[in-house]
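Residue strings, one per chain:
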Amino acid sequence: SNALLANGLDNSSDAVVYGLSLLALTRSRRWQRGAARFSGVMLLIFAVGVIADAVRRFIEGSEPVGLLMMAMAVIAAIVNLLSLYLL
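In every chain, residue numbers begin from 1 and rise along the written sequence. Note on the predicted model: pLDDT of at least 70 is required for a residue's local features to be given, and 80 or more for side-chain atom pairs to be given and counted; whole-chain, interface and lining totals, by contrast, use all residues. No hydrogens and no water enter the side-chain calculation; it runs on all heavy atoms of the structure.

1. Points about the pattern of salt bridges
Then, number 1: Throughout this description, the term salt bridge denotes a Lys or Arg side-chain nitrogen within 4 Å of a carboxyl oxygen of Asp or Glu. Applying the stated criterion across every chain yields a total of three salt bridges.
Then, number 2: We note a salt bridge from Arg 56 to Asp 53, for which the minimum N-O separation is 2.9 Å. Placement of the pair is Arg 56 and Asp 53 together in helix H2 (residues 29-60), with a separation of three residues, close to one helical turn.
Then, number 3: Connected via shared salt-bridge partners are Asp 53, Arg 56, Arg 57 and Glu 60. Here a strand is any run of E in DSSP of at least two residues, a helix any run of H or I of at least four, and the numbering for each starts at the N terminus.

2. Overview of the packing of aromatic side chains
Then, number 1: Two rings from Phe, Tyr or Trp (for Trp, the six-membered ring) form a pair when their centres sit within 6.5 Å of each other. Planes less than 30 degrees apart are called stacked, planes more than 60 degrees apart edge-to-face, and all others tilted. Taken as a whole, this structure holds zero aromatic pairs when the rule is applied.
Then, number 2: Our definition puts a charge over a ring when NZ of Lys or CZ of Arg is within 6 Å of the ring centre and also within 35 degrees of the ring normal. Over the aromatic face of Trp 31 sits the side chain of Arg 27, whose NZ or CZ is 5.0 Å from the ring centroid.

3. A closer look at the layout of surface pockets
Then, number 1: For the largest pocket, the calculated volume is near 250 Å³.
Then, number 2: In the cavity and pocket records, a cavity denotes points on a 1 Å grid over the protein atoms alone where a 1.4 Å probe fits but cannot get out, a pocket denotes an open set with protein on both sides within 12 Å along at least 5 of 7 lines, and lining residues are residues with an atom within 4 Å of a point. Every residue lining the largest pocket is listed: Asn 11, Asp 14, Ala 15, Tyr 18, Val 79, Asn 80, Leu 82, Ser 83, Leu 86 and Leu 87.
Then, number 3: Of all the elements in the fold, those that place two or more residues in the lining of the largest pocket are helix H1 (2-24) and helix H3 (66-86).
Then, number 4: Tallying contributions element by element places H3 first for the lining of the largest pocket, with five residues.
Then, number 5: Looking at the lining of the largest pocket residue by residue, the class counts come to six nonpolar, three polar and one charged. Grid points are joined across faces, edges and corners, and a volume is the space filled by probe spheres set on the points. Residues were grouped as follows: Ala, Val, Leu, Ile, Met, Phe, Trp, Tyr, Cys and Pro as nonpolar; Asp, Glu, Lys and Arg as charged; and all remaining residues, including Gly, as polar.

4. Structural notes on a positive patch on the surface
Then, number 1: Exposure above 30% relative accessible area and the lack of any salt bridge qualify a residue for a patch; like charges then connect within 9 Å, and the nonpolar side chains Val, Leu, Ile, Met, Phe, Trp and Tyr within 5 Å. The Shrake-Rupley method, run with a 1.4 Å probe, gives the accessible areas here. Residue values count only the displayed protein chains as cover. Just so you know, the count uses Lys and Arg for positive and Asp and Glu for negative, and it drops His and the chain ends. Charge placement uses NZ in Lys and CZ in Arg. For Asp and Glu, CG and CD serve respectively. A surface patch of positive charge is lined by Arg 29, Arg 30, Arg 33 and Arg 37.
Then, number 2: Mapped onto the elements of the fold, Arg 29 is located in helix H2.

5. Focus on the packing of H1 against H2
For any two helices packed against each other, one specifies the inter-axial angle together with the distance between the axes.
Then, number 1: Two elements in contact, H1 and H2, have axes whose closest approach is 10 Å; the angle formed by their N-to-C orientations is 175 degrees. Comparing their axes, H2 and H1 come out roughly antiparallel. Residues Asn 2, Leu 5, Ala 6, Leu 9, Ser 13, Val 16, Val 17, Leu 20, Leu 23 and Ala 24 of H1 pack against Trp 31, Gln 32, Ala 35, Phe 38, Ser 39, Met 42, Leu 43, Phe 46, Val 50, Asp 53, Ala 54 and Arg 57 of H2. Between the N-to-C directions of two axes lies an angle of 0 to 180 degrees, each axis being a line fitted to C-alpha atoms and, for a helix, fitted only over the stretch in contact. Roughly parallel refers to an angle under 35 degrees, roughly antiparallel to one over 145, roughly perpendicular to one between 65 and 115, and oblique to any angle outside these ranges. Two residues qualify as a contact provided that any one of their heavy atoms is within 4.5 Å of a heavy atom in the partner residue.

6. Quick notes on the environment of Phe 38
Then, number 1: Mapped onto the secondary structure, Phe 38 falls in helix H2.
Then, number 2: Note: C-alpha distance between Phe 38 and Val 17 (21 residues apart in sequence) is 8.7 Å.
Then, number 3: Those residues in contact with Phe 38 that sit more than four places away from it in its chain are Val 16 and Leu 20.

Below is the structure:
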């Protein structure tokens, strides 16, 4: 379930980064650097959050929720296929 959380955050960050990249194409170098910096910081924040959740689950223990995990996997697969189609 932690891997699905990471995948969902990665997909979300990819969508934001793609949108920023499209906006940055016609902007100044300063704006492009800011967009790149923002995407890097966002990925670091997501990574720290996933690691913190993994540590929390290790300490407290947690049962994976099978149905929720399967639903998230299907949603992630659909998003990835849609992204592939669009690219």
